[in-house]
Each structure stands twice: as structure tokens, then as C-alpha cells.
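# Coordinates in review
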Amino acid sequence: IISGFMAGAFGVALNCWTDVVRSVIQKDAIAATFTAPEARPSVVPHFNPAFFFGKTAELYAEKGIGGLYSGVGVKMVHLGGSGAILAVLVPRFKELYGCK
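Being a predicted model, the structure only gives us computed values, none of them experimental.

## Here we look at the nonpolar core
The biggest cluster of nonpolar side chains holds eight residues, and these are Val12, Cys16, Val20, Val21, Val24, Ile25, Leu59 and Leu68. Looking at this core element by element, the count peaks at six residues for helix H1 (residues 2-32).

## Looking at the environment of Cys16
Structurally, Cys16 can be placed in helix H1. Assessed through its relative accessible area of 2%, Cys16 is described here as buried. Once you skip the residues sitting within four places of it in the chain, Cys16 turns out to touch Leu68, Tyr69, Ser70, Val72 and Lys75.

## Remarks on a nonpolar patch on the surface
There is a patch of nonpolar side chains on the surface, built from Ile85, Leu89, Phe93, Leu96 and Tyr97 and spanning about 550 Å² of accessible area. On the basis of relative accessibility, which here comes to 59%, the residue Leu96 falls in the exposed class.

The rules behind each value
- Residues numbered from 1 in each chain as written.
- Predicted model: local features only at pLDDT ≥ 70, side-chain atom pairs only at ≥ 80, totals over all residues.
- Heavy atoms only, no water.
- Core = buried A, V, L, I, M, F, W, Y, C linked by side-chain atoms within 4.5 Å.
- Buried < 20%, exposed > 50% of the residue type's maximum accessible area, 1.4 Å probe, protein only.
- Helix = DSSP H or I, 4+ residues; strand = E, 2+ residues; numbered from the N terminus.
- Contact = heavy atoms within 4.5 Å.
- Patch = residues over 30% accessible without salt bridge, like charges linked within 9 Å, V, L, I, M, F, W, Y side chains within 5 Å.
- Areas by Shrake-Rupley, 256 points an atom, 1.4 Å probe, with all protein chains shown as cover.
- Salt bridge = Lys/Arg side-chain N within 4 Å of Asp/Glu carboxyl O.

Written as C-alpha cells, this is what we have:
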């Protein structure tokens, strides 16, 4: 159980900053659609990794490392708990279905 929780928490520690930056990009894209006089924003720049890392640098300059990891505690509890549950259930389902 503990190793499943640690696996989920480790995954969050590696992935949280990318999730926060993605959310900021999505929020900005949605906000840009509400201004009527502006042309609709293109989605093409969002596929460029330089755009993503540029937004990351902007967020880091604005809020620091804490801004990149906002909400990490809740995510660790959620995904760590999910990892712990999977660590218990997967072996039991393998045994139930005869998989080895």
C-alpha cells in the first residue's frame, strides 16, 4: 500500500508543473475567445514546445517554483491514494482471473 502511494506521489512530483502550465494555457485560450473584437486565436502555436516552455518561464518569473507546483498537495493525496488502491487490487484481480 505504501509503495503504491509513493508511486502515485512520485508521479505527481514529476508531472505537476506540466499540468499547471497546461491549465494556464487553456485558461488563457478560453479567455481569449470572450473578447469579440479580437480574431479567434490559432491553435497552431500551442503545438510548439517553445510556446509551452515560454509559458513555463513566464509563470516561473511571475510566481516562482510554488506557482508551478500549486495544488500539489491535493494531487498527491488523490493520485497517491489511487496508486495505493491499485497496489492492493491489481494482484487480487490477477489471482481472481488466473493471470500470472
